[in-house]
Amino acid sequence: MAGGDDLKLLGAWPSPFVTRVKLALALKGLSYEDVEEDLYKKSELLLKSNPVHKKIPVLIHNGAPVCESMIILQYIDEVFASTGPSLLPADPYERAIARFWVAYVDDKLVAPWRQWLRGKTEEEKSEGKKQAFAAVGVLEGALRECSKGGGFFGGDGVGLVDVALGGVLSWMKVTEALSGDKIFDAAKTPLLAAWVERFIELDAAKAALPDVGRLLEFAKAREAAAAASKDEFND
Amino acid sequence: MADVMLLDFWASPFGQRCRIALAEKGVAYEYSEQNLEQKSELLLRSNPVHKKIPVLLHGGRPVCESLIILTYIDEAWPEMMPLLPRDPYARAQARFWANYIDNKIVDCQTRLLTTKGEAQEQAKKDMIGALKTLDSELGDKDYFGGQAFGFVDVAFVTLTPWFYTYEKYGDFSVEEHCPRIVAWAARCRERESVAKALTDPEKVYEIVQEEYGAN
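Here, residues in each chain are numbered from 1, in the same order as that chain's written sequence. For this description, chains carry letters from A and ligands carry numbers from 1, given in the order in which they are written. Where local features are concerned, this predicted model is filtered to residues with pLDDT of at least 70; where side-chain atom pairs are given and counted, the filter is 80 or more; whole-chain, interface and lining totals use all residues. Working from all heavy atoms in the structure, the side-chain values ignore hydrogens and water.

## Looking at helix α3 (residues 69–79) of chain A
For α3 of chain A, the buried fraction is high: ten of the eleven residues fall into the buried class. Burial classification: accessible surface area is computed with a 1.4 Å probe over protein chains only, and a residue below 20% of its type maximum counts as buried, one above 50% as exposed, and the rest as partly exposed. Helix and strand assignments come from DSSP, with helices taken as H or I runs of at least 4 residues and strands as E runs of at least 2, each series counted from the N terminus. Among all positions in α3 of chain A, only Ser-69, Met-70, Ile-71, Ile-72, Leu-73, Gln-74, Tyr-75, Ile-76, Asp-77 and Glu-78 of chain A are buried.

This is how it looks when you write it as structure tokens:
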């Protein structure tokens, strides 16, 4: 690790966006201070570091804050380019493809999935679920194209898209437990199902992914609280 | 086929971003106006996932999503007129603000133009808040990145012809709340690439009314 680099991650352990950053830091072998925020009582540091959105994750590097998970990932990749593997390839076209699929994961999978999990009406939830499953189908094709025979979206090694999707894996397992549906079904999306098994075996994944059991308890507790009152997990 | 081709729609602020970037970089390209009601084979083949413009085709290979296209243009033609700064921290800031524009401003715009009553009032409040945030971020700088016209400027300037429409629908004055943004927009319009790309504000208003119904 480069000397004199102070890294502080403002986060919350259940957040898949925070998990993405932890994955990237682990892949790069970077040490950092892991600051757990109380999202119902945000710290002065968080509010000062992300005044626009007041959200986690925020990576503070030598006192300077970087916000938004995918922006943080690219920042880490650029600043620590000589440390650990690169998350993005060198070729501009391949970089554009990776960025396209990262945007797809966020807009077409994660957003509908959240609606499925936390929608206010059955209709909203069902629509979210439908869209999320459609996105998984498309991502199977994306993995086939991007992996070029290797086991990851990044090819032979883990790349930006792998981290973007990998960050939400514990939550996907929680959703499967809560709904009884298989999201990454080996029968329907064999490449993705295999990718999931491969990804969770990575040292970085073991270090960064939240424990599924603990997350499931968290999800159940939050659902119960939401049912009881107007609750907002404002990450 | 030309080496560089842009599949676009004349009034799209997202397509215009790409036109400005290509012009600033001095990249020759073939502009291909797309019929959005009856999408071409080329468009459907080039962007099968979203079926949307803009799409940049470079050596026949498609790049989709305007901000991704901007970044690609910057990386593929790095010698001329850099759009993103060299410093990774400054780059992260630029990406943050470009995302803010795409997420916040575009969302407020949609709600402002397509809702009525309380929902529209909220959209108006949110829009003014978002524009003021950008005004504050710009501060006394000439451009968002500082001295030079760059990534965030390209991302935002194509939405400025929509201010007139926001004002009509929301009944407020952008200049009153964000004088620096208005001055910045005028400064950007002095650039040939920008002047050529932007839709006339009255035309935007006409199109929006046709699309969404009169205010």
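## Let's talk about the domain arrangement of chain B
Residues and elements named next belong to chain B. Residue ranges for the domains originate in an automatic or database domain assignment. Under the domain assignment, chain B is made up of domain 1 (4–76) and domain 2 (88–213). Centre-to-centre separation of domain 1 and domain 2, based on C-alpha positions: 21 Å. Opposite the 13 residues of domain 1 that make contact, domain 2 presents 21 residues. Three residues, Arg-17, Ile-20 and Leu-67, lead the burial of domain 1 against domain 2; their summed loss comes to 37% of the area buried on that side. Salt-bridge detection follows one rule: a side-chain nitrogen of Lys or Arg within 4 Å of a carboxyl oxygen of Asp or Glu. The partner of Arg-191 in a salt bridge is Glu-24, and the shortest N-O contact between them spans 3.0 Å. Pairs of N or O atoms are called polar contacts if they sit within 3.5 Å, as long as, within protein, a hydrogen donor faces a hydrogen acceptor (for residues adjacent in sequence, only side-chain-to-side-chain pairs). At the surface where domain 1 touches domain 2, the tally comes to seven residue pairs in polar contact (both at pLDDT 80 or more). Sorting the residues of the side of domain 1 that touches domain 2 by element identifies α1 (13–25) and α3 (66–76) as the ones contributing at least two each. Among the elements that take part in the side of domain 1 that touches domain 2, α1 stands out by supplying eight residues, more than any other. The criterion used for residue contact is that any of the two residues' heavy atoms lie within 4.5 Å. Two parts placed together each lose some accessible area under a 1.4 Å probe, and adding up what both lose gives the buried area.

## What about the domain arrangement of chain A?
Residue and element names in this part refer to chain A. Split into domains, chain A comes out as domain 1 (7–80) and domain 2 (92–215). A straight line from the C-alpha centre of domain 1 to that of domain 2 covers 21 Å. The interface of domain 1 with domain 2 comprises 14 residues on the first partner and 22 residues on the second. Considering only the side of domain 1, the residues that lose the most area to domain 2 are Trp-13, Arg-20 and Leu-23, jointly responsible for 37% of the buried surface there. A salt bridge links Asp-106 to Arg-20; its shortest N-O distance comes to 2.7 Å.

## Re the UniProt feature "domain: GST C-terminal" (unreviewed entry) in chain A
UniProt positions are given in the numbering used here, feature names are shortened, and annotations may be inferred rather than shown by experiment. Mapped onto the present numbering, the UniProt feature "domain: GST C-terminal" (unreviewed entry) falls on residues 91–228 of chain A. Along residues 91–228 of chain A, the helical share is 76% and the strand share 0%, with 51 Å between the first and last C-alpha atoms.

## Re the UniProt feature "domain: GST C-terminal" (unreviewed entry) in chain B
When the UniProt feature table is mapped to this numbering, "domain: GST C-terminal" (unreviewed entry) covers residues 87–207 of chain B. The distance separating the terminal C-alpha atoms of residues 87–207 of chain B is 40 Å; by composition the span is 76% helix and 0% strand.

## A short note on the interface of chain B and chain A
Listed per partner, the contact involves 23 residues of chain B and 26 residues of chain A. Around 2100 Å² of area is buried between chain B and chain A when both sides are counted, 69% of it from carbon and sulfur atoms. Three residues stand out in chain B for area buried against chain A, namely Tyr-89, Arg-95 and Phe-96 of chain B, and they jointly supply 27% of the buried area on that side. Summed over the shared surface of chain B and chain A, the result is four salt bridges.

## Considering the environment of Tyr-32 of chain A
Residue and element names in this part refer to chain A. Summarising the element assignment, Tyr-32 is placed in the loop between α1 (16–28) and β2 (33–36). Spatially, the C-alpha atom of Tyr-32 lies 6.9 Å from that of Leu-9, the residues being 23 residues apart in sequence. Contacts of Tyr-32, omitting those with residues within four sequence positions, involve Leu-7, Leu-9, Lys-22 and Leu-25.

## Concerning the packing of aromatic side chains
Residues and elements named next belong to chain B. Aromatic pairs are defined between Phe, Tyr and Trp rings, using the six-membered ring for Trp, whenever the two ring centres lie within 6.5 Å; interplanar angles under 30 degrees are classed as stacked, those over 60 as edge-to-face, and all others as tilted. In this structure the tally under the stated criterion is 22 aromatic pairs over all chains. Their ring planes at 85 degrees and their centres at 5.0 Å tell us that Phe-96 and Trp-97 sit as a pair that is edge-to-face. Overall, Phe-96 belongs to the buried group, its relative accessible area being 7%. Given the relative accessible area of 7%, Trp-97 is considered buried.

## Let's talk about the pairing of strand β4 (residues 61–64) of chain B
Residues and elements named next belong to chain B. When DSSP finds at least two bridges between two strands, those strands are taken to pair. When strand β3 (residues 55–58) meets β4, the two strands line up antiparallel, connected through four bridges. Counterpart to His-58 in the pairing with β4 is Arg-61. Adjacent in sequence and paired antiparallel, β3 and β4 are bridged by two residues, among which Gly-59 carries a positive phi angle near 60 degrees.

## Some details on the sheet that holds strand β1 (residues 7–11) of chain A
Residue and element names in this part refer to chain A. Spatial ordering of the open sheet is given by β2-β1-β3-β4, a layout of four strands whose pairing is mixed. Two strands lie at the open edges of the sheet, namely β2 and β4 (64–67), each paired on one side alone. Here the average twist between neighbouring strands, direction ignored, is 20 degrees. Here strand β3 (residues 58–61) pairs with β4 via four bridges, running antiparallel. Among the inter-strand pairings, His-61 is bridged to a residue of β4, identified as Ala-64. Across the sheet, α1 lies against β1, β2 and β3, angled at about 155 degrees from β1, the strand it touches most. Orientation is described by axes fitted as lines to C-alpha atoms, over the contacting stretch for helices, and by angles from 0 to 180 degrees between their N-to-C directions.

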